Structures are given as structure tokens and as C-alpha cells.
Amino acid sequence: SDARLADARRGTRDAMADVESGKTNVVRVSDDEVARAGRRTGWALVALSALMAAFCLSLMAVFAKEMADVAGDHCAEYGVSFSGDGSTCQYVKENWCAAINTAGGSVSVGCSSGATFADPETYTQNTCPQGCSGACDGSATDTNAAVASWKSQIKRLQQCYANSPKSRQCLPTVDTDGSLANYRGFKAAHPSLGLGGSTAFIARDAFLDACDAQLVYANRRQTGGYGVLAMMCLALLVWIIRCALTLRKPNYSKRPRETEMKPLTTFSEKKSFNNRYHPDSVWIWYSFVTAMFGFAVQLYSFYTPTTTDIRIPIAQGVWITLEIVTRAVLTLLDKFTLVEASAIFFDIGFSTVGFTALLEPFFEPKITDTLPEVDESITDYALAIRVVSFIYPLCASSLKVRDLYVDNFWPAPATAKAMTEKKRSLKRTIIKLVLLGLQLGAAMSVYGIMGNKELCHQFRTCARGSCTPNVPVGAPLDAELFGGGSGGDNMKYAARMISDDGTMIWRWGINSNTQMKMTKSGGKLYADLKFAIPNGATENGVSIPGSGTTYTVSGLTAPTSACGTRYEVQCQEVNPRHSFSYMTGKYEWVKYNTSAYKFVARHDYEQTTGSPSCFGASTQWWKDNGMFVGGPEAVVGGTAQNPDLGFVFEEQKCWYTAGGTTTFTKYCLVAPAYLGVFKPFGRASVVGSWTWSNSGSSMPTTWGTSALDFRLVMNENQIIAAGGSSSGGSGGCPTSFSASAPCPCPPAGVTCTAPGAGACTQNNGCPSFYTAPTGK
């Protein structure tokens, strides 16, 4: 552009340009010649300003459209009716009022059966409302706490209903195909419910948590969404003004062109792009500092990702690197005009990336296989940084257009002098080399993050990265985690299925001595888990609620060999769908549950080679024999061609009974609900032909899995003796004893006073942690 300007100024074939053109003939030109020469560049700057204004307007339109995309009305399907007529009680009847009377086999359906669905604001009794005992929290310590829990839940439901017009969509109340398996509640079978075997209501807590998350998004839109729109409106106004300013014809009578190089006296003159070649200029430093500020804003927002699409932070990281490298090289080569022009181009890219990353924190995605949840890492401060990283480059590029406009119509005398002398200052060259090194180093830091398997997952530039699982429940390694001597503890495992028409329950259950220990080998964590041949009677019967009748399923053979397997312990994904690579999008960020574990069957018990026989085609522990322990369809992940087999377990606190004493223990692993009901895990349905003791009809051939009850409740006393910690936490001595039970072990390394005589039996194999008081 400078070359065209000088060529037009002369009217001959001799040209004047800055050092970027390489031409050095210098002539004096008139104001009209300068104005004519800069006309084409001027119109280009006008067009660029207009395009940027249109760009801002389009972003505003998209954001405003998303802001307007809300339900707009109350979600009637989970509205609360206190009239008792059941008119709006479809969701409430199972999740808030339903309770199965085990004695009579009947089911209470709350409002529709005349139950009093009381208003929690006016309800003062200390018992649950009539017919709604199922709504009370069974884990509460007393009746008052149970009623308080019920009131709290009903109030949350009321708030959810009240805020539903501001939500993006109404929450589903049922899961019909297992896609929302992670959120399913307890599944009841009864003719009056009219629910098929594959259908279940969303759990109360999951539903309310999703409601709370929707409220967080709605409040964020209320308080911050309009602020973002206002800032985009400000950016639009900036570009409209810039477009109007660049349309102006240069007024040389008001602002004359300088033809003689003079000393720069003000900081404004020294930092001006127009004076970049002047000996007194600090533009190169000023430009570097402002560029590094913009880089810091982008880098900080890069460190606080707000999206689950890894392409967005990848694009931001690549764009940061490209801008830094481009700027550094062009500065070294004295291509200063191109530095400014390229910066506008990169600012447009940063604004695009920033806007895309800003959508997810404000607008919860449409519900497919996950309910709305709030990313706790996105604080108000992090969100503000994300907004700044979007708006700042959008506005900053306007200043660069101004610099190019001024340089186009008011070229500085120092530029012509620099072109004539073609001298390069050693000092300025050293400065540019130092800046080049600093900028290249900053660029490499971004690639250092993106190339590290752990950091890339943390900053969401790779889908999975590397994940090293914790030792489940902090159990000691190479120690038997169950008691009962060499045979292990006797544990109960069960599965519950519901007929396709929703009227019958098929329950399977076994009692089996169980052993387990954790070990590390070859840098991997393994769990050796063995289920002994079932002892006692195997439960395998079909009941019809409401009739009090149970039929025995015949023709099923109990296993004649143990199911002992060595499992590789891996990290388990939060979203069950992400367990399967073929069901996970290429660019989806996968979040791991730090308290859940995938047990992938590798070998037989305590073996290091060979396939796990319990999960083979000839296993006796799979659905063909009415079992749900291990088989060729017990999938937990992998690919469609090479699936991983095994179990999924989550850490939970469970009731643990030893020697007649029942306590709450943290040493418990429980199979999550989705393992049984999400179809890809291979346990969601049972299809086949069986016979039963009901001679009047044939046994249904299709059953949907309602629940798997697989709990690995470990022996806490034995674990403490092996060096583990107490569930009560470090430093706490046992306070509850039973005269007929072994004394519970204190936390490792803690000295406790022994209980009084007769308080409990011997120390149950605990290390010598007790100090006996005098006379005891």
C-alpha cells in the first residue's frame, strides 16, 4: 500500500515507499496527491470497518436468539397439586408419594389414591403425609429429620416449577430407553402404574439437581447474559464510529502533514505507529506490551476452559501460537504495516473462538443422554475473563484500523528518511531478537500444555488424556479386604427384572463367599476378586405384585466352579456413554469420576496370563443360568469390535455387620444403577424362553433390568489391621461397642483407651493400639 501511495504521489515511474517495499527514491508531493494515493487503501479500511460492524451485529443476533430460547411457560408435567385429585401428579405419584406395602403387595400412588399431598409451607405435623411415606428420607435418623427432608425436597420441586419458564426446556420425568440411565430412580412393578419393563422415572435427587442446575443457568443469563449483549453492543458502536471516521476525507488544513522530522516530545507521539521509524519512538516496545496483554488475556482464558468441545481450546491455542510467531517474525523483518494488518486478522479469530466458548456457560445443551449440570470450575471470575477474551480483541482491532488510516493519509517524515538511508540500528535489532525469543517461548508454552497427556486433558485440548486411577476406597495393597478367613466374607448379590408389560418382578440372588485384594504390577493397578460357588439356596423367582404370588423359575443350574478374575482397575467416565469409544464423539471432552472405577477382566484370579474364564462363552455365571456376575456380554467399555468386559463400581458408604455389630463403613464398592439399565453394558434386558411353576400361563420372554444389587462391603477391622484408616476419620477412637461383638479397631497409629470390661469381646485381630486402663 505504501508503494502504491508513493507511486501516485510522484506521477512518474519513480516511487517512494517505506522499508517494506525496498524502494528508496524520495520526492515531495502535494496534499492532493497523498489523498488520491491513499484513496484505495482508505476504502479498504472503510469496508473492513463495515464488515467488523456486521460481524458484531451477527454475534449479537445469535446470542440474543439463544437468550430468547426458553420454555416460556410452566412445565405442567411436574407441577405440584395439593388438591388430592391427582390432576398434576403423574411425576409426583411415583417419586414423591409411592410406597410399596410389602405385606399386601399393593402400591400407593399418592394423589390418585386419595393421599394427602400436603403443602410444606403449612404442614406442621411430625409425620409424613398420609399415603406418602415413600417420600420420606429412609436414611434420616428420626421422624422429624425425615419430615424436614421431605419438606425440603417439595420446596425444591416447587421452586423448579416456578422457575421452569426461564429454563431452556422441561426436564424429562422418565427414561424410556436407558439413555438417561445415570439418573434413573427406583423402578416399581405393579399393574396400576402402567410402566413397561424398560421405563423408569428419573430419581428425585437427580431431577432436583438438574432443576437446580437449570436455575443456575437461568440466573446466569439474567445477570450476565444481558451484560454480554451490552458489551457486544458497545463493540458494534465502536465499529460504527470507526466506519464513519474512516469515511472522512482527510482535512489537511485542520491537521497539516509534517514534512520535516522533529523530536518527539509526548508519550502519545512516541508510541504512535505513525512514528515507528523515528529515533525517539517507543512504538516497538509499546506494541509488544499491548500484544502481550492481549496474549495474556487469551492465555488466561485458555487456562479456564468453559466448553466440552476440545476443538475450541485447540483452536485458541493454535491461534495464540500463530499470532505470536507471525508478529515476532514480521517485527524482526521490519514489516511493521503487516504487523498491524495481521493483528486485525488474528483479533477476528480470537473473537470468534471466544464467542463460541462463551455459549456453553450461558446456555445448557439440549437434553439427550445427560441432564443439565453446572461445571463447578466455571466461577464468575473465570466467566468474566472469558468475556474479556472475547470482547477485548473485538474492540482492540479498531485501534489498529485507526493506525493504518492515519499512516495512510499522514505518512511521517521519519518513514521517508528510513527508506532513504536503509540503515538498521544494531540496538533495535537486538531488541527485536530479544522480543522474538520471548514471544517464541510464550508460544511454546501453549504447545507444551497441548502436548502433555495430563495437562491437555486438564485444559480440555484432548478428549481423554491419561488417567491414573486411585486405589479404590484407599484400601491397602496386597492385603485381603474381606474377612472370614481364607474363604472370605459371605455376601449377597442380586438382580431385579421387570416384565415387558410392567406387571411382574423376576428376582435373582445368590450368597457367595467373596475375596478381594488390590495389587500393582507393571505400573498398573489390579483387583483380584473371587466369587465362590454359591452357598445356600439360590433365589430365582417371579412375583406378581398385588396378588401375593411367587413362581419358581425352573431349569436353571447353579455354577459348579468359582468365578475368580483379575481385573485391571481403570478410571470410569462420568457419562456412561463415554465408556464406549464408538459412542463418544471425536471432539467430546471426557470427564472422569474420581470415585468410580472400571474393573476390566484380564486374567483368572491371581494370574498374569490367559483370558478370564468367568467371562468366556462357556461361563456358568451369566444370564443363561439366571446369573449376572460374569459373561461375554458383561461389557464395560472399549470398542465395538474389541469390547472390555467386567464391572463398574463406585465408592459409597454402606452398612457393615461384623460380630453382631452394624456400623457405617467407607470400605464399600457398589455397582451404579446405569450398569444394569444402560443397554451398551449388556445387562439391560433378558430375552429367552424359560419355564416356571405357573401352569396356567407361559413365562414372559422379555424382561427389563430394574436394578443390580452388587455391593462389595469389605471388612473394615481387617483393613485397619492391614494399615488402613478408620471410616470415622483419623484421630477418632471408637465410641460404640457391643458385648457380643468384637471390639472395633482404632485408626492406624492412634492409641485409644480400652473399653470397660464386658463392653466387647477380643480385639478381633487389631494391632496393639489399645492402652488398658488400671484395673481393666
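To be clear, the structure that these remarks concern was listed above.
All chains use their own residue numbering, which begins from 1 and follows the written sequence. The predicted origin of the model limits local features to residues at a pLDDT of at least 70 and limits the giving and counting of side-chain atom pairs to 80 or more, whereas totals for whole chains, interfaces and linings rest on all residues. As a rule here, side-chain values cover all heavy atoms of the structure and leave hydrogens and water aside.

Chemist: So what's going on with the overall build of the chain? Which residues, and what values?
Modeler: Each helix corresponds to a stretch of at least 4 residues labelled H or I by DSSP, and each strand to a stretch of at least 2 residues labelled E; elements are numbered beginning at the N terminus. Each helix and strand in the chain was counted, giving 16 helices and 22 strands. The classification of residues rests on relative accessible area computed with a 1.4 Å probe and restricted to protein chains. Under 20% of the type maximum is buried, over 50% is exposed, and intermediate values are partly exposed. Relative to its full complement of 776 residues, the chain shows a buried share of 50%. Sequence separation of at least 24 residues holds for 70% of the intrachain contacts in the chain that already meet a minimum separation of 6. Each accessible area value is a Shrake-Rupley result obtained with a 1.4 Å probe; residue values ignore everything except the protein chains displayed when judging cover. Put simply, the chain shows about 34700 Å² of open surface, and 55% of that area lies on carbon and sulfur atoms. Contacts were defined at the residue level, with two residues in contact if any of their heavy atoms lie within 4.5 Å.

Chemist: Please set out the pattern of salt bridges residue by residue, giving values where relevant.
Modeler: Salt bridge, as used here, is a side-chain nitrogen of Lys or Arg placed within 4 Å of a carboxyl oxygen of Asp or Glu. Applying the stated rule across the entire model yields 22 salt bridges. A salt bridge links Arg 566 to Asp 528; the nearest nitrogen and oxygen atoms lie 2.8 Å apart. Here Asp 528 lies in strand 7 (residues 524–531) and Arg 566 lies in strand 10 (residues 563–573), a separation of 38 residues in the sequence. As far as the burial class goes, Arg 566 and Asp 528 line up, both buried. Here the residues in one salt-bridge network are Glu 66, Asp 69, Arg 168 and Lys 366, joined through shared partners.

Chemist: Can you tell me about a nonpolar patch on the surface, naming the residues and giving the values?
Modeler: Patch construction takes residues with relative accessible area above 30% that form no salt bridge. Like charges are linked within 9 Å, and nonpolar side chains (Val, Leu, Ile, Met, Phe, Trp, Tyr) are linked within 5 Å. Taken together, the side chains of Val 325, Val 329, Leu 333 and Leu 440 present a nonpolar region at the surface, about 270 Å² in accessible area. One can find Val 325 in helix 9 (residues 311–332).

Chemist: Provide a residue-level description of the nonpolar core, including the pertinent values.
Modeler: Generally speaking, nonpolar side chains in soluble globular proteins are found buried as a group. Residues belong to one nonpolar core when they are buried, are Ala, Val, Leu, Ile, Met, Phe, Trp, Tyr or Cys, and are joined through side-chain atoms within 4.5 Å. Formed by 67 residues in total, the largest nonpolar core has its most connected members in Met 516, Phe 599 and Phe 647. The greatest single-element share of this core, amounting to five residues, is contributed by strand 6 (residues 505–521). When neighbours within four sequence positions are excluded, Phe 647 is seen to be in contact with Phe 531, Tyr 567, Tyr 597, Lys 598, Phe 599, Phe 615, Phe 628, Val 629, Val 636, Leu 675, Arg 683 and Phe 710. Counting 60 residues, the second-largest nonpolar core is a separate cluster that includes Val 34, Ile 284, Cys 395 and Val 406.

Chemist: So what about the state of the cysteines? Which residues, and what values?
Modeler: A covalent bond between the sulfur atoms of two cysteines is what we call a disulfide. Note on disulfides: each one is a pair of cysteine sulfur atoms within 2.5 Å. Under the counting rule described, the total for this entry stands at six disulfides. At a sulfur-sulfur separation of 1.9 Å, the disulfide partner of Cys 467 is Cys 571. The disulfide joining Cys 467 to Cys 571 has a torsion of about -90° about its S-S bond and is therefore left-handed. Linking Cys 467 in the loop between helix 14 (453–458) and strand 5 (489–499) with Cys 571 in strand 10, this pair joins segments that are 104 residues apart in sequence. Of the residues examined, Cys 467 reaches a relative accessible area of 32% and is grouped as partly exposed. Residue Cys 571 is classed as buried on the basis of its relative accessible area, which comes to 9%. One disulfide bridge connects Cys 654 with Cys 668, the sulfur atoms lying 1.9 Å from each other. Across the S-S bond linking Cys 654 and Cys 668, the dihedral sits near -65°, which makes this disulfide left-handed. Remark: Cys 668 occurs in strand 16 (residues 668–670) and Cys 654 occurs in strand 14 (residues 654–658); sequence separation between them is 14 residues. Each member of the pair, Cys 654 as well as Cys 668, is classed as buried. Cysteine Cys 56 remains unbridged, with the sulfur of Cys 395 as its closest cysteine sulfur at 7.2 Å.

Chemist: So what about helix 11 (residues 380–409)? Which residues, and what values?
Modeler: Expected helix span is computed as 1.5 Å times (number of residues minus one). Helix length check: helix 11 (30 residues) gives 44 Å between terminal C-alpha atoms against 44 Å at 1.5 Å per residue, within 8%. Along helix 11, the largest kink reaches about 25° and is centred on Tyr 392; proline Pro 393 follows within four residues of it. With respect to burial, helix 11 is a largely interior element, 23 of its 30 residues being buried. At any given residue, the bend is defined as the angle formed between two axes, one fitted to the seven residues that end at that position and one fitted to the seven that begin there.

Chemist: Run through empty space enclosed by the protein, naming residues and quoting values.
Modeler: In this analysis, the protein atoms alone were mapped onto a 1 Å grid. Cavities are point sets where a 1.4 Å probe fits without being able to get out; pockets are open sets with protein on both sides within 12 Å along at least five of seven lines; lining residues have an atom within 4 Å of a point. Grid points are joined across faces, edges and corners, and a volume is the space filled by probe spheres set on the points. With the rule as written, the count across this model stands at four cavities of 30 Å³ or more. Empty space within the largest cavity amounts to approximately 70 Å³. Taken together, 11 residues make up the lining of the largest cavity; nearest its centre are Gln 159, Cys 160, Asn 163, Cys 211 and Leu 215. If you list the elements that add at least two residues to the lining of the largest cavity, you get helix 5 (143–163) and helix 6 (204–247). Three categories are distinguished: nonpolar for Ala, Val, Leu, Ile, Met, Phe, Trp, Tyr, Cys and Pro, charged for Asp, Glu, Lys and Arg, and polar for the others, with Gly belonging to the last. Of the residues assigned to the lining of the largest cavity, the class counts are four nonpolar, five polar and two charged. Along the walls of the second largest cavity sit Trp 283, Ile 284, Ser 287, Phe 288, Arg 327, Thr 331, Leu 435 and Gln 439, which together make up its complete lining. Residue assignment for the lining of the second largest cavity shows that the elements contributing at least two residues are helix 8 (283–303), helix 9 and helix 13 (426–451). At four residues, helix 8 tops the list of elements feeding residues into the lining of the second largest cavity. Counted by class, the lining of the second largest cavity contains four nonpolar, three polar and one charged residues.

Chemist: Break down the packing of helix 8 against helix 11 for me, with residues and values.
Modeler: An axis is simply a line fitted to the C-alpha atoms; with a helix, the fit covers only the stretch in contact. Between two such axes, the angle follows the N-to-C directions and lies from 0 to 180 degrees. Closest axis-to-axis distance for the helix 8/helix 11 pair is 9 Å, and the angle between their directions is 140°. By the angle between their directions, the pair helix 8 and helix 11 is classed as oblique. Between helix 8 and helix 11 lies a crossing whose hand is left-handed. The segment helix 8 lies against helix 11, with Thr 290, Phe 293, Gly 294, Val 297, Gln 298, Tyr 300, Ser 301 and Phe 302 engaging Tyr 381, Ile 385, Arg 386, Val 388, Ser 389, Tyr 392 and Pro 393. Looking at the contact of helix 8 with helix 11, its residues break down into nine nonpolar, five polar and one charged. Geometric relationships in this document are graded by angle, where less than 35 degrees denotes roughly parallel, more than 145 denotes roughly antiparallel, 65 to 115 denotes roughly perpendicular, and other angles denote oblique. Left-handed describes a crossing whose near helix is turned anticlockwise from the far helix by less than a right angle; the clockwise case is right-handed.

Chemist: So what's going on with unusual backbone geometry? Which residues, and what values?
Modeler: In the Ramachandran plot, Val 473 falls in the positive-phi region, its phi being about 50° despite a non-glycine side chain. Position of Val 473 relative to the elements: it lies in the loop between helix 14 and strand 5. Overall, the relative accessible area of 9% leaves Val 473 in the buried class.

Chemist: Explain the packing of helix 3 (residues 39–68) against helix 10 (residues 336–362) to me, and be specific about the residues and the numbers.
Modeler: One can describe the packing of helix 3 onto helix 10 by two numbers: an axis separation of 11 Å at closest approach and a directional angle of 5°. Here helix 10 runs roughly parallel to helix 3, going by the angle between their axes. Mapping the contact onto sequence places Leu 48, Met 52, Phe 55, Leu 59, Val 62 and Phe 63 in helix 3 and Ile 344, Ile 348, Ser 351, Thr 352, Phe 355, Leu 359 and Phe 362 in helix 10. Residues that form the contact of helix 3 with helix 10 fall into these classes: 11 nonpolar, two polar and no charged.

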